[in-house]
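# A look at the structure
If you want the building blocks of each chain, they are given just below.
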Amino acid sequence: MAPASSLPWPVLLLLIVLVSWCGQCSAGVDPTLGSVPALRGGQEDRHCLGFIAVNLTEDRFKLHQPYDLPPEQRYEFRDGVGRMWVYCTDKPLSPGSPTKPRSEILLNVRYTTGVWQFEDYGYVPAGTSGMSVMQVFDVSGRNTTLMLHEYGGRFMYYHDEARVVDASIYDRWFRLNVVHDVGAGALTVFVDGEDRLAVVGHSGYRHYFKFGVYTQMDPSHYMESRWRDVKVYTKLG
């Protein structure tokens, strides 16, 4: 599992975030993504109107990995794609922590009001199961106001099988957008430009996004996710 690149991991993270630029929410398909499905009609614009991009500098990306391993043993960057992986037997984030293994990025863009949006392209290889791939933290007793889990190729709200966001996520690139309206206490999840989930948040007073691999219920021995073109937007007015 040695990383292919010899560049320091902070530089690799910077390469991911340099795609962020001030402008409107992405539309259509990035041709470098190969098999990313085309969006339908004008749906790519419906959840993007009025948003501007936040400047994501290198210091806003915080890698969390097992405390006894260097970053490059659970993260790599190759051909424009960041890859994160863990084994279910890995150590937690810190000694004595009751949490489960993870290799994920904390986006240090914290907000308390307004409307905010997370966007990226993700990929989950077949065989991976029992992990969280994206979270919206609320910094309260509950910790999260939204988690998107993956079990056996199904993408769902926490581990709620009645609220499946996508029934077949394996081995394909997908575009993920999560919109958080703090004032309304509402979150909406879009996959490939389609509205897939609308839920009420769990309160909290300061929020931020995380993505990658965080072990959950009944995990596979090995878990992996891949990400690129990560962006954060906020709405003016």
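Here we summarise the structure given alongside this text. Quick caveat, the model's predicted, so the values are computed rather than measured. (Residues numbered from 1 in each chain as written. Predicted model: local features only at pLDDT ≥ 70, side-chain atom pairs only at ≥ 80, totals over all residues. Heavy atoms only, no water.)

## Focus on the pairing of strand β13 (residues 194–200)
Rules: Any two strands with at least two DSSP-identified bridges between them are counted as paired. To qualify as a helix, a DSSP run of H or I must reach at least 4 residues; to qualify as a strand, a run of E must reach at least 2; elements of each kind are numbered from the N terminus.
Pairing analysis gives 6 bridges linking strand β12 (residues 186–191) to β13, with the strands arranged antiparallel. Directly across from valine 189, in β13, lies its bridge partner leucine 197. Hairpin connection of β12 to β13: 2 residues between the antiparallel strands, including aspartate 192 at a positive phi of 55°.

## Comments concerning the sheet that holds strand β2 (residues 61–64)
Adjacent strands of a sheet pair through backbone hydrogen bonds, lying either parallel or antiparallel. Stated precisely, the cut-off is as follows: Only C-alpha atoms enter the line fits that serve as axes; for helices the fit covers just the stretch in contact. Angles between N-to-C directions range over 0 to 180 degrees.
Strand order in the open sheet formed by 7 strands is β2-β5-β14-β7-β8-β9-β10, with antiparallel pairing between adjacent strands. The sheet terminates laterally at β2 and β10 (164–166), the two strands that pair on one side only. Going from strand to strand, the sheet's axes swing by 20° on average, the running direction of each strand aside. Sheet analysis places strand β9 (residues 154–157) next to β10, joined by 2 bridges and oriented antiparallel. The residue bridging methionine 156 from the neighbouring strand is valine 164, located in β10.

## Thoughts on the pairing of β9
Bridge analysis of strand β8 (residues 144–151) against β9 gives 4 bridges, and the strand direction is antiparallel. For leucine 148, the partnering residue across the bridge sits in β9 and is tyrosine 157. Linkage of β8 to β9, two consecutive antiparallel strands, is achieved through a turn of 2 residues, within which glycine 152 is found at a positive phi near 55°. Connecting β9 to the antiparallel partner β10 that follows it, the hairpin turn spans 6 residues, and tyrosine 158 within it adopts a positive phi of roughly 50°.

## Focus on the environment of threonine 144
To keep things clear, this is the line we draw: Relative accessible area decides the class of each residue, using a 1.4 Å probe on protein chains only: under 20% of the type maximum gives buried, over 50% gives exposed, and in between gives partly exposed. Only heavy atoms enter the contact rule, under which two residues are in contact if any of them lie within 4.5 Å. Any pair of nitrogen or oxygen atoms within 3.5 Å is treated as a polar contact; in protein, a donor-acceptor pairing is required on top of that, and neighbouring residues in sequence qualify only through side-chain atoms on both sides.
With respect to the element layout, threonine 144 can be found in strand β8. Owing to a relative accessible area of 5%, threonine 144 belongs among the buried residues under this scheme. When the C-alpha atoms of threonine 144 and glycine 201 are compared, they prove to be 8.8 Å apart, with 57 residues separating the residues in sequence. Leaving out residues up to four positions away in the same chain, threonine 144 has contacts with Gln135, Val136, Phe137, Asp138, Tyr158 and His202. Within the structure, threonine 144 has its side chain in polar contact with the side chain of tyrosine 158 (distance 2.8 Å).

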